[in-house]
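What follows is the residue order along each chain.
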Amino acid sequence: MDEVPAAATTVPLAAFPIVGIGASAGGLEAFEAFFRACPADTGMAFVLVPHLDPGHESLLTEILQRTTAMPVVQALDQVTVAADHVYIIPPNREMSILHGVLQLSLPELARGMRMPIDAFLRSLAEDQAERAIGIILSGTATDGTLGLRAILGAGGVCMVQEPATAKYDGMPQSAINAGYVTHILPAEKMPAMLLEVARQSAFRLAVPPVRPEKAVSGMNQILLQLRSSTGHDFSLYKKSTIGRRIERRMAQQGIEDMAVYARFLKDNPSETQKLFKELLINVTSFFRDPNAFIALKDTILPPMLAGKPAGYVFRVWVAGCASGEEAYSIAIVLLELLDEIKAKHEQELSVQIYATDLDDDAIAVARVGHYPPNIAQDVTPERLHRFFTKDEAGYKVKKDIRDLVVFAVQSVIKDPPFTKLDLLSCRNLMIYLEPEQQNRLIPTFHYALKPGGVLFLSASESITSQPELFSALDRKWKFYRAVHSGTSTAAQTTSYASWTADSHGNAPRVVMNKAKEINFDDLTRRVLLQSYAPASVVTDLKGNILYVYGDTGRFLRPAPGQATLNVVEMAREGLQLDLRKIFLNDPAQSTPTLNREVSVKSNGGFSTVSFSVRRMPTQQGVAGVEANGNLLLVSFQDVAEPIKHPRRRRGKTAIEPAEQQHVEQLERELAYARESQQASTEEQQAFNEELKSTNEELQSANEELQSSNEELETSKEELQSLNEEIVTVNSELNAKIEQLSDMQNDMKNLLDSINTGTIFLDRHLIIRRYTPAAVKVYRLIASDVGRPLADIKSAIEGDDLLVDLQTVHDTLIPIEREVRTTDGLWYLARMQPYRTLDNVIAGVVLTFTEVTAFKLASDEVRRAQGLAEGIINTVSEPLIVLDKALQVVSASRSFYQHFQVTATETVGRKIYDLGNGQWNIPTLRQLLEDLLPQRQALDGYVVEHDFPGLGPRRMVLNARRIAPTPGNTESILLAMVAVVAIEPLEKP
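Residues numbered from 1 in each chain as written. Predicted model: local features only at pLDDT ≥ 70, side-chain atom pairs only at ≥ 80, totals over all residues. Heavy atoms only, no water.

1. Topic: the nonpolar core
Of all hydrophobic cores here, the largest spans 50 residues; its most connected members are L301, F314, F388, V405, F407 and L423. Of all the elements, helix α12 (residues 325-343) adds the most residues to this core, at 11 residues. (Core = buried A, V, L, I, M, F, W, Y, C linked by side-chain atoms within 4.5 Å. Buried < 20%, exposed > 50% of the residue type's maximum accessible area, 1.4 Å probe, protein only. Helix = DSSP H or I, 4+ residues; strand = E, 2+ residues; numbered from the N terminus.)

In structure tokens, the structure reads:
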């Protein structure tokens, strides 16, 4: 699905439609018929591009001025086209149009290779877009076909003269066969249709008005009908393009309301298919934007091909390939580069190109690879000679190029893409899609490309909406390199969901950051927390710190050894033991610990600290939280020391000995308890290290499992890609199998219908195939295929044909023989070499044609002829047989004896020339030339003549005229029933 560049639609459009009219042989009559019926105030401009003799001035301007009131002028360079004017291209000039201004130039191609109509109509489509109108009148060859394709793709109107009314129908019929025509009319009816077309909304305003709600509803009904009938959703195509093409179909059906047209589609499935084809913009050309292909060949592809290992397959996908010109252009460029690599004795690479499009008709054209002669404008003569084969109808892509490209019907919107691509070309497709659909396609293309793969777009397209996925290689000609990173991987995942999810679902919405109003409640809460809330940490059930609030430095410190964020490991001395006990028990199920006071060592001394452990709710989906979502809030707070007043004692202040002993005892017990606690702590730490080691091993195993899972995912993607390729190749093979099946059916019916027995033998005279009629001569059954012919008993009398068959195979000289079968039938046996399409001798072909009736008829003729000759020779009277020209066909034996002549002197000569003119008798002439033609027979006619050497003779003649029969001409029997000598005739 391809189109002319959208950039062309950004130029200022004329305020009126511009009509380009092309014609060749017989065009003058068509021009006159057109302008006689064309009003002078149509509000349109007409630009005529006939084929003119470059060496003579044209009188077309003066001739057409007699048929129309509009000014008819010969076009000049840099003339602005005006409405209600007619402009004619000058001789030996090429013409184009830019911003409504005609541009003239000298032709670059040799005479006979120019396509001036195509060139102008293409520029008209690029300049005026949907306001362009193209008309093709009488002419030979194919000039104008590609120009109409460009206009149709731009949304314009294409008309051709009805071939039956054209003096020469070559140009109109070429455009009709290509499918680029919207109206087929006689030349005199085209002006009325132009006025009707101008009434359509596409030509009312340069900017179409806002559609009312009713029209939007009608368009949605049409799109729903299309989706249900074809399975393709056009709802995310640009409504301006869709609307124009729907209106064009509505105008052809005479319908003005979209809701009515939607009901019409429902009742007419054929119209739905026509609308579907109308929406598919199948317009492209070879090497479109030539400078882009120069950049592709010189700058982009060489670094991509360099350094590739031997046997590397360079994979290319051409999305929206239309009729295949883009795919073949890339294939030609790649082959030229590969030939250069081979010439340098570098590694050999292979190329695989996949080309896809929605339109199955366009794919069928692409697979055949046959294009009109007009492509000579886009392809250099060197490439035409190397990569194309020329025939009467145009150019055909050679087999080595066609074998590189696999064509398939595919939707880039809803079908999975090809993967692991080196190059992806999608030119002038996204310009017809809404931005929402474009944002889905770009990640899809990124997913399809290998790291470093190149995306090739048209000059009017870009990827500015998602720049993180690609880096620009050539911003002017739109070459982008795929960048694979964490962000792009996430985009790939989103893209993958876009073709696997329901294509009719809502697209992801872009969340925009909006300026928020001041929230005094939130502001107050933050200030209170900063002023009065204790230092706290949020942990999971294992004590791993997830969030730190406030200054926790007096309660927590980095633990020695491997870095950790576990609150127990980081707790200072005096705090660690109590926290460990809490986390060893199930903190999610136990009661909260509130305001527990402990003595914590800090800065060389001990201070009293109060800590609390509370369970807190969490929001679903917080990163790093287990599935049950439990979190703990651990808070720390200093406890102020109470002011101690010294107790006054009477007398001495010394401690009593008993009290002193009790204090010492308590200190010893305290030291022992601390040592025991320290030992327990060390044991617990050792146990924790073992658990940590085990956990690391489990994590390592988990990583290996994840790695294996990623490999499986990669294998799955490769299998999916391979399956897509197999499906694509299979569709091509199915098409070829269908063609072979049709050819086999045709061949079978041909062989059965000619009723000729045929046996195909290989080099060793082994049966390969035979027709049913051959069973009459050789007793063959189906299982005899593969057996030598010598093993089969034939019904031929006498010698069989094996020796002759071997002779034909050895000498390559055909042999024909008449053979007779045991049931009395005669056959003409023909033996000739079996030649393949490559002129290789692969066996012998033996055919049998029954000639029994002919043989019997020939024998009967020979018998009748022998009988007639015997009768003639038996009769004693002289008798001769003459043909229509009075030449002797045969004579009886008595004629030769009586007149003393030979057969050599008689047969084949005219009767008047016999005996040096002695039979040139006036009375005989009267008999043969005057009397006999009027009668069937004449008896007893007397002729007297003096024969030299025989003397005077009187002859009594009987003559009979024999009517002609099929295969025989008229004959005359002349019998001399009496020949008598007489006295010498008196001379006059």
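2. Description of the environment of P39
As for its placement among the helices and strands, P39 is situated in the loop between α1 (27-36) and β2 (45-50). Separated by 152 residues in the primary sequence, P39 and P191 place their C-alpha atoms 7.7 Å from one another. Apart from the residues lying within four places of it in its own chain, the contact partners of P39 are M70, P191 and L195. (Contact = heavy atoms within 4.5 Å.)

3. Thoughts on the environment of L121
Secondary-structure assignment places L121 in helix α3 (residues 116-128). On the accessibility criterion, L121 (1% relative accessible area) is buried. Once the C-alpha coordinates of L121 and G147 are considered, the two residues, 26 residues apart in sequence, prove to be 4.6 Å apart. Every residue in contact with L121, bar those within four places of it in the chain, is listed here: G20, G134, I136, G144, G147, L148 and I151.

4. Considerations on the sheet that holds strand β11 (residues 350-357)
If you trace the seven strands from one edge of the open sheet to the other, you get β15-β11-β10-β16-β17-β19-β18, paired in mixed fashion. The two strands at the open ends of the sheet, each matched to only one other strand, are β15 (405-409) and β18 (470-474). On average, each strand axis in the sheet is tilted by 20 degrees relative to the strand beside it, whichever way the strands run. Alignment of strand β10 (residues 313-319) against β11, held across seven bridges, turns out to be parallel. From the neighbouring strand, F314 faces β11, where its bridge partner is V351. Where helix α11 (residues 290-305) meets the sheet, its contacts fall on β10, β16 (421-425), β17 (449-456), β18 and β19 (479-482), and the angle it forms with β17 comes to roughly 170 degrees. In the packing of helix α16 (residues 435-448) onto the sheet, the strands contacted are β10, β16, β17, β18 and β19, and the crossing angle to β17 comes to about 130 degrees. (Pairing = 2+ DSSP bridges. Axes fitted to C-alpha atoms, helices over the stretch in contact; angles between N-to-C directions.)

5. Quick look at the packing of helix α8 (residues 239-253) against helix α9 (residues 258-267)
Two elements in contact, α8 and α9, have axes separated by 11 Å at closest approach and are oriented at 75 degrees. When the axis of α8 is compared with that of α9, the two are roughly perpendicular. Touching I246, E247, R249, M250 and Q253 of α8 are M258, Y261 and F264, all from α9. Residues that form the contact of α8 with α9 fall into these classes: five nonpolar, one polar and two charged. (Parallel < 35°, antiparallel > 145°, perpendicular 65-115°, else oblique. Nonpolar A, V, L, I, M, F, W, Y, C, P; charged D, E, K, R; others polar.)

6. Details of the pattern of salt bridges
One pass over the structure, following the stated rule, counts 19 salt bridges. Across the pair R427 and E326 runs a salt bridge, and its minimum N-O distance is 3.2 Å. Here R427, found in the loop between β16 and α16, pairs with E326, found in helix α12; they are 101 residues apart in sequence, far enough to count as distant. Just as R427 is buried, E326 falls in that class too. Residue K450 is joined to D422 by a salt bridge in which the shortest nitrogen-to-oxygen separation is 3.9 Å. (Salt bridge = Lys/Arg side-chain N within 4 Å of Asp/Glu carboxyl O.)

7. Some points on α9
Here α9 has its buried residues at M258, A259, Y261, A262 and L265. Down the axis of α9, the buried side of the element spans an arc of 160 degrees, and every buried residue falls inside it. (Arc of directions from axis to C-beta.)

8. A few points about the sheet that holds strand β13 (residues 388-391)
With antiparallel pairing, the three strands of this open sheet are ordered in space as β12-β14-β13. Edge positions in the open sheet fall to β12 (370-371) and β13, since each of these has one partner strand only. Here β13 runs beside strand β14 (residues 394-397); their pairing, made up of four bridges, is antiparallel. Note on β14: the bridge partner recorded for T389 is K396.

9. Here we look at a nonpolar patch on the surface
A contiguous nonpolar patch, built from F520, L523 and V527 and spanning about 300 Å² of accessible area, is present on the exposed surface. Structurally, F520 can be placed in helix α18 (residues 520-532). (Patch = residues over 30% accessible without salt bridge, like charges linked within 9 Å, V, L, I, M, F, W, Y side chains within 5 Å. Areas by Shrake-Rupley, 256 points an atom, 1.4 Å probe, with all protein chains shown as cover.)

10. Details of the pairing of strand β23 (residues 605-616)
The sheet contact formed by strand β22 (residues 593-602) and β23 spans eight bridges and is antiparallel. Note that in β23 the partner of V598 across the bridge is V609. Here eight bridges tie β23 to strand β24 (residues 631-638), and the two strands are oriented antiparallel to one another. Pairing of M616 across the sheet is with L631, part of β24.

11. Let's talk about the packing of aromatic side chains
Under the definition given, this model contains 21 aromatic pairs. Taking the centre distance of 4.3 Å and the plane angle of 15 degrees together, the rings of F456 and F479 count as stacked. With a gap of 23 residues between them, F456 in strand β17 and F479 in strand β19 connect regions that are remote in the sequence. Each member of the pair, F456 as well as F479, carries the same accessibility label: buried. Ring plane angle 15 degrees and centroid distance 5.2 Å describe the contact between F555 and F636, whose orientation is recorded as stacked. Of this pair, F555 sits in the loop between β21 (545-549) and α19 (567-570) while F636 is found in strand β24, placing the two residues 81 residues apart along the sequence. Taken together through their ring pairs, the aromatic side chains of F286, Y328, Y371, F388, Y395 and F407 make up a single cluster. The ring of Y312 is capped by K308, whose NZ or CZ atom sits 5.4 Å from the centre of that ring. Above the face of the Y395 ring, K390 is positioned so that its terminal group lies 5.5 Å from the ring centre. (Phe/Tyr/Trp six-rings, centres within 6.5 Å; stacked < 30°, edge-to-face > 60°. Lys NZ or Arg CZ within 6 Å of the ring centre and 35° of its normal.)

12. Concerning helix α5 (residues 170-178)
Where α5 is concerned, the buried positions are M171, P172, S174 and A175. In a view along the axis of α5, the buried residues occupy a sector of 160 degrees, so they form one face of it. Among the structural elements, β1 (18-23), α3, β7 (132-136), α4 (145-153) and β8 (157-161) are those in contact with the buried residues of α5. In the segment just after α5, G179 is the residue with positive phi, at about 85 degrees.

So, to be careful, I would describe these as geometric facts and stop short of saying anything about function.
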